[in-house]
Amino acid sequence: MNIKDYSGVFVFAQQVDGKLTSVGLELCGKGKQLAGDLGVKLTAVLLGSGVEGLAGDLLSHGADRVILVDDEKLGVYMTEPYVYALSKVIENYKPEILLVGATAIGRDMAPRVSARVHTGLTADCTALDIDGESKNLLMTRPAFGGNIMATILCPNHRPQMATVRPGVMQKLPAGEAVGEIEKFALEIPEKCVNVEILEIIPNRPTRMNIQEAKVLVSGGRGIGGPEGFAPLDALAGKLGGTISSSRACVDSGWTTSDRQVGQTGSTVRPDLYFACGISGQIQHVAGMEESGYIIAINRDETAPIFGVADLGIVGDLHAILPALAAEIDKARAKQ
Ligand code: FAD
């Protein structure tokens, strides 16, 4: 492999049911910055069946070009056809960087693609930058249980591949859709379709997705038990938000894992984040520190959560939350 043959920043633009997933657009935002630092173009790779209509959205969110592989075999995600198609795109276009969202699909596909094209992969990156001197990609992610941040390089192989979890990077505001759409003609061999899909059962969350909520009221071990979420839910309801949690509550079975914020949960960026009875360990903070405004309620004034809070309230959450809800009602009644 001559790494000098490889150029350009590529982003895998994941779509499901003909809808782009947000992480693809977030990666376009980051990819645009990396491409700017390298003086190259940003390309989004779109795989699917009948998905050409999505290309405009990618162009308006920073992509200079969309490479489209449109094939019936890519209609519903299956490992082998997708891995084949993305590997062929890499072999043909030779990008120097490829970013993939760390979704269930991305986690299934990216390691296989990296093995097929003989390169490395850094999973779950929280920061990506270009080294000013070598122009290598600096891929930063938590290591050793989240206690240190490691910056990983892939100097001898291309593309430099990284996955990034949803919510970590930011989309660019939608602009004008300028750029080209290039159809990559590819014959996906019949033998790639080695799985028969019998039924698709859609995951229909009954509550608001925590990554989309503008207000999150998050509970930690300090809420005392599953019933401790009731006052949090009440407050969230008043503010048009939803509840989330630390891992301690998920591990104790007080709530479900789709509510978990942090390194091994979701990264969230609401306008307002309440941390109630959460100590503020680094693995939790990593998932919420970019929130617009953070209010922490904890009875221990030395709790690390106060270090990232914009407003800290020292006291018993069981007394503070109902009082806060009552104040909101009073203020609304006056309006
Ligand atoms: P605790 O640390 O036990 O804190 C409870 C807090 O509640 C204390 O500060 C206490 O003062 C306060 N409190 C108690 N009673 C009250 C009351 N009545 N009123 C007010 N305050 C009260 N954690 C995550 O959250 N997300 C992750 O994604 C995550 N990933 C991890 C990944 C790895 C590899 C590892 C090793 C750990 C991970 N953790 C994660 C766990 C993390 O290290 C902490 O153990 C966890 O965040 C602690 O949860 P907590 O703050 O709810 O509980």
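Since this is a predicted model, take the numbers as computed values, not measurements. Sequence order as written defines residue numbering, which begins from 1 separately in each chain. Local features in this predicted model are restricted to residues of pLDDT 70 or higher, and side-chain atom pairs are both shown and tallied only at a pLDDT of 80 or more, whereas totals for entire chains, interfaces and linings draw on every residue. Side-chain numbers come from the whole structure's heavy atoms, not from hydrogens or water.

A. Quick look at helix α8 (residues 317-334). Numbering of helices and strands runs from the N terminus; a helix is a DSSP stretch of H or I covering at least four residues, while a strand is a stretch of E covering at least two. Expected span of a helix: the number of residues minus one, times 1.5 Å. Spanning 18 residues, α8 covers 26 Å between terminal C-alpha atoms, matching the ideal 26 Å at 1.5 Å per step. Note on exposure labels: buried denotes an accessible area under 20% of the residue type's maximum, exposed denotes more than 50%, and partly exposed covers the range between, all computed with a 1.4 Å probe on protein chains only. Listing the buried residues of α8 in full gives Leu317, Ile320, Leu321, Ala325 and Ile328. End-on view of α8: buried residues confined to an arc of 130°, all on one side of the axis. Opposite the packed face of α8, turned more than 90 degrees from it, sit the exposed residues Ala333 and Lys334. By the convention used here, residues are in contact when the closest approach between their heavy atoms is within 4.5 Å. Of the surrounding elements, those touching the buried residues of α8 are α5 (229-238), β15 (272-276), β16 (293-298) and β17 (311-314). We call two N or O atoms a polar contact when they sit within 3.5 Å, provided that within protein one can donate a hydrogen and the other can accept it, with sequence-adjacent residues counted only if both atoms are side-chain atoms. With a side-chain oxygen lying 2.9 Å from the backbone nitrogen of His318, the N-terminal cap of α8 falls on Asp316. The reported arc concerns the directions from the helix axis to the C-beta atoms and nothing else.

B. Region of the structure containing the sheet that holds strand β5 (residues 65-70). Strand pairing is assigned whenever DSSP identifies at least 2 bridges connecting the two strands. Across the sheet, seven strands lie side by side as β7-β11-β6-β1-β4-β5-β12; this open sheet has parallel pairing. If you trace the sheet from one side to the other, it starts and ends with β7 (121-125) and β12 (180-183), each paired once. Each strand of the sheet is rotated relative to its neighbour by a mean of 25°, with strand direction disregarded. Judged from the three bridges that link them, strand β1 (residues 9-12) and strand β6 (residues 97-101) form a sheet pairing that is parallel. Pairing of Phe10 across the sheet is with Leu98, part of β6. In the packing of helix α3 (residues 79-93) onto the sheet, contacts are made with β1, β4 (42-48), β5, β6 and β12, and the angle to β4 comes to roughly 150°. Only the stretch in contact is used when fitting a helix axis, every axis being a line fitted to C-alpha atoms; angles between N-to-C directions are given from 0 to 180 degrees. Across the sheet, helix α4 (residues 104-116) is in contact with β1, β6, β7 and β11 (160-164); its angle to β6 comes to roughly 155°.

C. How the structure looks around the side chain of Ser218. Here Ser218 shows up in strand β13 (residues 215-219). A polar contact is formed between the side chain of Ser218 and the side chain of Tyr273, at a distance of 2.7 Å. With residues up to four places along the chain from it excluded, the contact list for Ser218 reads Leu232, Ser244, Ser245, Ser246, Val261, Tyr273, Phe274, Ala275, Cys276, Ile278 and His284.

D. Local environment of the pairing of strand β14 (residues 242-245). Because side chains alternate across β14, one face comprises the buried residues Thr242 and Ser244, and the other comprises Ile243 and Ser245, equally buried. Looking at chain direction, β13 and β14 are connected through four bridges and run parallel. Bridging from a neighbouring strand, Gly219 pairs with Ser245 of β14. The handedness rule is simple: strands pointing away from the viewer, and a clockwise path from the first strand over the helix to the second, make the crossover right-handed. Read from β13 through α5 to β14, the crossover connection turns out right-handed.

E. The pattern of salt bridges, seen in detail. One speaks of a salt bridge when a side-chain nitrogen belonging to Lys or Arg is within 4 Å of a carboxyl oxygen belonging to Asp or Glu. Inspection of every chain in the model, using the stated rule, returns 13 salt bridges. In this structure, the salt-bridge partner of Lys73 is Glu190, at a minimum N-O distance of 3.7 Å. Of this pair, Lys73 sits in the loop between β5 and α3 while Glu190 sits in the loop between β12 and β13, and the two are 117 residues apart along the sequence. By relative accessible area, which is 58% here, Glu190 ends up exposed. Two residues, Glu80 and Arg116, come together in a salt bridge whose shortest N-O distance is 3.0 Å. A residue pair is termed long-range when its members are at least 10 positions apart, and Glu80 in helix α3 and Arg116 in helix α4 qualify at 36 residues.

F. The packing of aromatic side chains, seen in detail. Planes of paired rings set the category: under 30 degrees apart is stacked, over 60 is edge-to-face and the rest tilted, where pairs are Phe, Tyr or Trp rings (Trp by its six-membered ring) whose centres lie within 6.5 Å. Tallied over the entire structure, the rule returns three aromatic pairs. Consider the rings of Phe10 and Tyr93, whose centres lie 6.3 Å apart with planes at 50°: the pair is tilted. In this pair, Phe10 sits in strand β1 while Tyr93 sits in helix α3, placing the two residues 83 residues apart along the sequence. Across this residue pair, the class does not change: Phe10 and Tyr93 are buried.

G. A look at unusual backbone geometry. Cis rather than trans, the peptide bond between Arg158 and Pro159 has omega equal to -5°. Within the fold, Pro159 resides in the loop between β10 (148-152) and β11. Positive phi, close to 60°, is recorded for His118, a residue that is not glycine. Mapped onto the fold, His118 is located in the loop between α4 and β7. Non-glycine residue Lys135 carries a positive phi angle of around 70°. With respect to the element layout, Lys135 can be found in the loop between β8 (127-130) and β9 (137-143). For Lys135, a relative accessible area of 39% translates into the label partly exposed.

H. View of α5. Every buried residue belonging to α5 is among Phe229, Leu232, Leu235 and Ala236, and all of these are buried. Here the buried residues of α5 occupy an arc of 125° about the axis, which is enough to place them on one side. Phi turns positive, to about 70°, at Gly240, one or two residues after α5.

I. Spotlight on the environment of Glu72. Relative to the helices and strands, Glu72 resides in the loop between β5 and α3. A relative accessible area of 74% means that Glu72 is categorised as exposed. Note: C-alpha distance between Glu72 and Ile188 (116 residues apart in sequence) is 9.6 Å.

J. Focus on the site of the ligand. Residues are counted as near a molecule or strand when any one of their heavy atoms sits within 4 Å of it. Arg221, Ser246, Thr264, Ser279 and Asn298 are the nearest of the 26 residues found near the ligand. Here an oxygen atom of the ligand sits 2.6 Å away from a polar atom, N or O, in the side chain of Ser279. Within the side chain of Asn298, a nitrogen or oxygen atom sits 2.7 Å from an oxygen atom of the ligand. For the ligand, whose accessible area on its own is 970 Å², the fraction buried by protein is 79%. Put simply, the parts of the chain that give the shell around the ligand at least two residues each are α6 (247-251), α7 (282-285) and α8. Using a 1.4 Å probe, accessible areas were evaluated by the Shrake-Rupley method; residue-level cover was limited to the displayed protein chains.

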